[in-house]
Amino acid sequence: MTGTATLILWSHALAAFLFAGVAASRLRERGKGLPRLPLVCALGLTALWALAVAGIEASDVVTRVAEGLRNLAWLAFMHALVRHDLPVRERRAIGVIYGVVALVSAAGIGLAILEQAVGVTLIPQVAAVRLLLRSMVAIVALLLVHNLYATATPRSRAGLRLVVFALGAMWGIDLLLYVSAYISGGAPTALTIGRGFVMALVAPVLAVAVQRNGEWTLQVSRTVAWQTVSFAVTLLYAAVMFVATSAIASISGDNARLWQTAFVFGSTAAGVTILSSPWVRAWAKVKVSKHFFRHRYDYRAEWIRFTDTLGKPDDAASLDARIVKAVADLTDSPAGLLLVPDGAGLGVGAGWNWDAPSAGAEAALVTHLARTGRIVELDAVRADTTDAAESASVPIWMLDSDGWVLLPLVHLDRLQGAILLARPPIDRALDWEDFDLLRIAGRQVASYLAEERAQSALAEAKRFDEFNRRFAFILHDIKNLVSQLSLVARNAERHADNPAFRADMIATLQDSAGRMNDLLARLSQHHHTRAEELRPVEVLALAELVAARRRAQHPVVVSGTPVFAHADPFRLEQALGHLLQNAIEASPPTEPVTLAVSGDAKRVSIAVIDQGCGMSPAFLREQLFKPFASSKPGGFGIGAFEARQLAEAMGGSVAVESREGAGTTFHVTLTAARTISLDQAA
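The rules behind the values
Residues numbered from 1 in each chain as written. Predicted model: local features only at pLDDT ≥ 70, side-chain atom pairs only at ≥ 80, totals over all residues. Heavy atoms only, no water. Pairing = 2+ DSSP bridges. Helix = DSSP H or I, 4+ residues; strand = E, 2+ residues; numbered from the N terminus. Axes fitted to C-alpha atoms, helices over the stretch in contact; angles between N-to-C directions. Contact = heavy atoms within 4.5 Å. Buried < 20%, exposed > 50% of the residue type's maximum accessible area, 1.4 Å probe, protein only. Parallel < 35°, antiparallel > 145°, perpendicular 65-115°, else oblique. Left-handed = near helix turned anticlockwise from the far one by under 90°.

Chemist: I tried to follow the sheet that holds strand β10 (residues 603-610) on my own but got confused; where do I start?
Modeler: Here 5 strands make up an open sheet; going across it, the order is β7-β9-β10-β12-β11 and the pairing mixed. Here the strands that pair on one side only, and so sit at the sheet edges, are β7 (556-560) and β11 (653-659). For this sheet the average axis-to-axis angle between neighbouring strands, irrespective of direction, equals 15°. Examined bridge by bridge, β10 and strand β12 (residues 663-671) share 8 bridges and lie antiparallel to one another. Residue pairing for β12: Asp610 is matched across the bridge by Thr664. With respect to the sheet, helix α21 (residues 569-586) is in contact with β7, β9 (593-599), β10 and β12, its orientation differing from that of β10 by roughly 25°.

Shown next as structure tokens:
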């Protein structure tokens, strides 16, 4: 026996003796905290492998099989560490990750047996493939050892350091030996000797680690789990590609390279297409969350993403749209819709990837959400498995849509709105984690909405102050003008020798004075003038007068029948003028604006109809009749506001119908003059 063979013999024999001693000591003791049985099996198989190297030789099939079994045993030990204290339903999924590596190791054992059975001369590629598989197992094992330490809790890392060091040394020297053997065509003697001494040093390190008997519980982070799953999938893909290309090479003859390239390219393209699907990603996330973790959500990561979406506008998106997207992202919902308070019910607000419906929700839903604060599962409402009050409050259009859950937004016991989320790509029932996360997110976004509305109210008050300051100087000029006109009217009464002139001047000046006083009253916060008496007004003629003044600017059509309304002609003319001007500015140059007059015994209606760009439901509900809010660039936004104020001062109202891209219709409704006369007579 040469000196080299002696060193190989005694180094591996020493390693076998030490591993056997550690296994025996561990078998006698029944300490807590360590996966004892997998560790004993791994130590025993390592001792048998080292004994086989010492007693037979490293190239014998028995030694190679023993080495494969040793690797499998240590992988089982690491798997036991990772799944320690996890629920039973999650252990099977964790086993898949290690199972892929175990399959590669088992394939190496099979190739070793095949090589012994058929001989290297018949299939010369078997030896090279076997070395590649063993190298692959060593590389993957080193990565798993790193993950084993990286995913451990800080408290348990102290007990794992020695184990990680020992396993890293074992598979590190294996990798050096396999790579060198693959490159040189044979195992270097120096590395074979070195492996024996390294294993002899690894045994006492493991013995010290066993005596520590520390806490081995691990907490795998979601990031590491995704990386490990991705690595396992990549490894499986590489193994499939290797086997497939080898099979193609053996049966394709001279065209092997062409067929191999086509197969690799096609399978890679198909895999990328499948993995890029949102459905596949959502399915994988659900499965990993369900089987790997006690908690579905990584709360820290979810909250960071949630606050980033709220705080960073995407393409100048409004706060309402960002709120919907932030909440929808929590549950992977592809769309969402914000419902906001609108009178006693809920109106349609901003949407994210959702076609806004034309109707909102009645007061019953508002009452239910404000009283209970419950998150409404629409599937339970559809199946009629929830309480009757909740079922009765949910509108039909929500059930007919792809709505999945309705989240109330409550702030300081006040309902700020609700968010309707669409069904995620992977349909599932909500659990307690979903409810907790959505409830917390709902409270947060409700505070955002409440603060934003308070800021809007403050800004509106400031703009009113600015408006008053801006027009304060006009009040002084108007007062002077009213005084002058009143004086002219009084002086005109002296011209008694010309009754016609006197009557005409008096009527004109008094009308001008009345108009100036009316304007003065509307511009001043403190000056109040007596409202003029309402009288029967022929609405069709007045509409024609208003239209005639605008026809030089834009085509205007007047239609309808002569009807009388109880109104102030000046206020009605001014209100129609505001609405008509808005319609002209919103309409294409060739599309006429229509003034349609209609009425019955009780009501008179004037419709201002345009075919312009229309307005969104959110703008109609929240901004249209507010001063300084305009959908036109540079618009000051007081026309619609003042028109409604004028109509309400005459006992009427202004309503609007509008759709984006389909035009707008304003309805000015007044009391019919005949009805007033009959009521007064009675």
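Moving on from the coordinates now.
Chemist: What am I meant to see in unusual backbone geometry here?
Modeler: Glycine aside, residues mostly have negative phi, and peptide bonds are mostly found in the trans state. One non-glycine residue, Leu412, adopts positive backbone phi at about 50°. Examined against the element boundaries, Leu412 turns out to sit in the loop between β4 (403-411) and β5 (414-422). The phi dihedral of Asp413 falls on the positive side, at around 65°, and the residue is not glycine. On the secondary structure map, Asp413 appears in the loop between β4 and β5. On the accessibility criterion, Asp413 (74% relative accessible area) is exposed.

Chemist: Is there a simple way to explain the packing of α21 against helix α23 (residues 639-649) in this structure?
Modeler: The relative placement of two packed helices is expressed as an angle between their axes plus a distance between the axes. Interhelical geometry of α21 versus α23 gives an angle of 155° and a closest axis separation of 9 Å. Taken together, the axes of α21 and α23 are roughly antiparallel relative to one another. Crossing handedness for the pair α21 and α23: left-handed. Together, Arg571, Gln574, Ala575, His578, Leu579 and Asn582 of α21 and Gly639, Ala640, Glu642, Ala643, Leu646 and Ala649 of α23 make up the contact between the two elements.

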